[in-house]
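Chain by chain, the residues run as shown.
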Number of protein chains: 2
Amino acid sequence: MPNIHNFGAGPAKLPEEVYEILRSELTNFNGSGISLLETSHRSATYLKLNTDIQNVVRNLLNVPDNYKILFIAGGGQGQFAAVPLNLISRTGTADYVVTGAWSEKAAKEAKKYGKVNLVVPETDKYTGIPDQSSWKLDPNASYVHICGNETIHGVEFDFIPDTKGVPLVADMSSNFMSKKLDVSKFGVIYGGAQKNIGTSGVALVIVREDLLNKALPICPSILDWTITAKNDSILNTPPMYAIHIMGRVLEWIVRQGGLDKMAENATKKSSMVYDVIENSNGFYYAPVAKNSRSKMNIPFRIGSPDGNDALEKEFLKGAEALNLIQLKGHRAVGGIRASTYNAVTFEDVNALVSYMKDFAKKHAK
Amino acid sequence: MPNIHNFGAGPAKLPEEVYEILRSELTNFNGSGISLLETSHRSATYLKLNTDIQNVVRNLLNVPDNYKILFIAGGGQGQFAAVPLNLISRTGTADYVVTGAWSEKAAKEAKKYGKVNLVVPETDKYTGIPDQSSWKLDPNASYVHICGNETIHGVEFDFIPDTKGVPLVADMSSNFMSKKLDVSKFGVIYGGAQKNIGTSGVALVIVREDLLNKALPICPSILDWTITAKNDSILNTPPMYAIHIMGRVLEWIVRQGGLDKMAENATKKSSMVYDVIENSNGFYYAPVAKNSRSKMNIPFRIGSPDGNDALEKEFLKGAEALNLIQLKGHRAVGGIRASTYNAVTFEDVNALVSYMKDFAKKHAK
């Protein structure tokens, strides 16, 4: 097989080592003689796995004891409903900081369950995070919701907002486990696993215990954090294999040197791409303000700030020919997007920046 | 590896052939050069898979054109909320035929969203399906809910109820694809995949089109059948690998000869076990009325109708020693449970009945 460089935004590249483990465990999980795929979720085998993965999460992120770690089906979008269903009852209103397509979707879903206050002005061009001094926070909000990293627009928080005591809720679907985090500054952190920590099928939710027991009576049991916590994430049959893959990826992160190493790599890898863009004399164009540029997802245009369809098509075609794949920008914004998640290697990024330089040399006026 | 006979109730045994396919596809899905685990859900690769699996479902069950086939995260229990969230708005009330632990749970979840009418008398001993002439159906109900096969209590419908024009909704989590079905008699059929058609992480939902567009405004998007149908089950990142495994299992069913063959096998395999029970002079005891005995899950007691803890423990221990595994009855009912799903082979069942006969010979008074 040729070496394939997968820059997809999600489901995203997994480490080679994880595939080797999955292959070796497929029909004999942990010496049980059978596959995890056909193992009871009430078995000792699964109970141990369930506990082990919670412990890896707790150790990697240094999660304080007063936070529960939950595994829930339905991905990040399931949590867009779960967040208000579990939290908005306190005051009936919530603050949303909309900085891209995903926080926009989260705010829209929340409107089903209460009043949503938009903290920053509405826009359809997301290119940064408005200065916190301009935010209109509601002191009566049940919570403040942010999206830590906007996968489509490439806008990432480089700071933890001060919410004046109102619980901060962060969707970290695309930058979970890319850096250390002071979890105690958050009420809830959640994310789908299919970008930086596994494949699709499960959301990881970290919730402060005092925020439990507030779910609306209409909350479906499978989205109810309190019920999930009481049942140690085994209320019903969990998405066990997706949880297992997440565990194997997290263990890989530990072996690589933990979150400090992931953060160091992310800074280096993303800088390599941004540097080519910055040094291209405007041939490549990154729309996001420098202090909010994502280290995970790098959207850019070719030829002009609004892109050039023909050149971008040619770029993608040439990239495919070199096995640089899944680089197409999201249909909402067009252009190119390179995702440089944890599992993307320096070799992958080197191949990309080398191609970007060659392409610019060939096509720049 | 020794030959292991897995009688687990779910996540349940998968066919050997499916593991071979999963292994061969793990890091090169369908010639793409990468794993499905890291493939975009918007890629041509996944769009084809998504369509292909819907087609296999449609062909196997002969699903009429006016039904949508949906893949939704959150399993059967997710659908316990989704059913009322999508259907109860029409009249605000729903009929539940409670014949075991699962339909009991479904009815409980539905109470969050409207009035629930219990069609048959409440009981805590589920040993059959009360004759339909005794049912108290509400002609004003938005729908009538049944559980086609109660996994814990081993109670299976051997008929399709006449609901006098009210849409019939059936949870078939544990007998989906075990027999042919006149889908046109149902409004909705749903089930988690982890018993007869795959592993955990996804529910298969078949819904008649005229029942769409009725969801309550508070329905989370990920549980909304109308939104899911409009997005062809790719609203958000689906639980792709669980869906893929379901597809490979369904294709295996086709290769085995389809649902007629599955039904023939299920009748034969379950009869082999029930026959040992019936011919044991009361040493083994099956609590369920003969016409409602499940062909998928066979709960039984040893020594007396209420069981004998010591003997049952010894039975399980001896079974384990012969690699007859996951035979322990559900904690709600105790005793023994043998599940004889599609992937359980005649060799497996032969090994079980041979052990049952030996054990009875040794211990019967």
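Here the structure is a predicted model, which is why all the values come from computation and not from measurement. (Residues numbered from 1 in each chain as written. Chains lettered and ligands numbered in written order. Predicted model: local features only at pLDDT ≥ 70, side-chain atom pairs only at ≥ 80, totals over all residues. Heavy atoms only, no water.)

Draft legend 1. Just the interface of chain A and chain B, in detail. Listed by partner, the interface residues are 55 residues for chain A and 55 residues for chain B. Both sides together, the interface formed by chain A and chain B hides about 4400 Å², and carbon and sulfur atoms give 57% of it. Taken together, the connections running from chain A to chain B amount to zero salt bridges. For the pair chain A and chain B, the interface holds 31 residue pairs in polar contact (both at pLDDT 80 or more). For the side of chain A that touches chain B, the elements supplying multiple residues, two or more each, are α1 (16-25), α3 (75-87) and α6 (240-256) of chain A. The leading source of residues in the side of chain A that touches chain B is α3 of chain A, at four residues. Residues of the side of chain A that touches chain B, tallied by class, amount to 27 nonpolar, 21 polar and seven charged. (Contact = heavy atoms within 4.5 Å. Buried area = accessible area lost by both parts, 1.4 Å probe. Salt bridge = Lys/Arg side-chain N within 4 Å of Asp/Glu carboxyl O. Polar contact = N/O pair within 3.5 Å; in protein donor to acceptor, adjacent residues only side chain to side chain. Helix = DSSP H or I, 4+ residues; strand = E, 2+ residues; numbered from the N terminus. Nonpolar A, V, L, I, M, F, W, Y, C, P; charged D, E, K, R; others polar.)

Draft legend 2. Spotlight on the sheet that holds strand β11 (residues 284-285) of chain B. Residue and element names in this part refer to chain B. Overall, antiparallel pairing links the three strands, which are arranged β11-β12-β14 in an open sheet. The sheet terminates laterally at β11 and β14 (336-339), the two strands that pair on one side only. Inspection of the sheet shows strand β12 (residues 297-302) paired to β14 by four bridges, in the antiparallel sense. Bridge pairing links I298 to A338 in β14. Here helix α7 (residues 258-278) sits on the sheet and contacts β11 and β12; the angle it forms with β12, its principal contact strand, is near 15 degrees. (Pairing = 2+ DSSP bridges. Axes fitted to C-alpha atoms, helices over the stretch in contact; angles between N-to-C directions.)

Draft legend 3. Local environment of the packing of helix α7 (residues 258-278) of chain A against helix α9 (residues 346-363) of chain A. Residues and elements named next belong to chain A. It is at 9 Å that the axes of α7 and α9 come closest, and there the two elements cross at 5 degrees. Between α7 and α9, the interaxial angle falls into the category roughly parallel. Contacts from N265, K268, K269, M272, V273, V276 and I277 of α7 reach α9 at F346, V349, N350, L352, V353, M356 and K357. Partitioned by chemical class, the residues of the contact of α7 with α9 number nine nonpolar, two polar and three charged. (Parallel < 35°, antiparallel > 145°, perpendicular 65-115°, else oblique.)

Draft legend 4. α7 of chain A, seen in detail. Along its 21 residues, α7 of chain A runs 30 Å from first to last C-alpha, staying within 8% of the 30 Å computed at 1.5 Å per residue. Packed against the buried residues of α7 of chain A are α2 (44-61), α6, β11 (284-285), β12 (297-302) and α9 of chain A. (Expected span 1.5 Å × (residues − 1).)

Draft legend 5. Region of the structure containing the sheet that holds strand β4 (residues 115-118) of chain A. All names here are of chain A. Read across the sheet, seven strands follow the order β2-β10-β9-β8-β5-β3-β4 without closing on themselves; strand pairing throughout is mixed. Each edge of the sheet is formed by a strand with only one pairing partner; in this case those strands are β2 (67-72) and β4. Strand after strand, the sheet turns through a mean of 20 degrees between neighbouring axes, direction not considered. The sheet contact formed by strand β3 (residues 93-96) and β4 spans four bridges and is parallel. When the bridges of β4 are listed, Y96 appears paired with L118. Its contacts with the sheet place α3 against β2, β3, β5 (144-147), β8 (168-171), β9 (188-192) and β10 (203-208), and it is angled at close to 155 degrees to β9.

Draft legend 6. Focus on unusual backbone geometry. Between G10 of chain A and the following residue, P11 of chain A, the backbone shows a cis peptide bond with an omega angle of -15 degrees. Considering the arrangement of structural elements, one finds P11 of chain A in the loop between β1 (5-6) and α1. A positive phi angle, near 65 degrees, is found at M177 of chain A, a position not held by glycine. Tracing the chain through its elements places M177 of chain A in the loop between β8 and β9. Note on M177 of chain A: relative accessible area 1%, which makes it buried. At S233 of chain B, a position not held by glycine, the phi torsion is positive, near 65 degrees. Positionally, S233 of chain B belongs in the loop between α5 (225-230) and α6 (240-256). (Buried < 20%, exposed > 50% of the residue type's maximum accessible area, 1.4 Å probe, protein only.)

Draft legend 7. Focus on the packing of helix α3 (residues 75-87) of chain B against helix α4 (residues 101-110) of chain B. All names here are of chain B. As a packed pair, α3 and α4 sit with axes 8 Å apart at the nearest point and diverge in direction by 45 degrees. Between α3 and α4, the crossing angle belongs to the class labelled oblique. The element α3 and its partner α4 pack so that their crossing is right-handed. Where α3 approaches α4, its residues Q77, F80, A81 and P84 are matched on the opposing element by W102, K105, A106, E109 and A110. Of the residues in the contact of α3 with α4, the class split is six nonpolar, one polar and two charged. (Left-handed = near helix turned anticlockwise from the far one by under 90°.)

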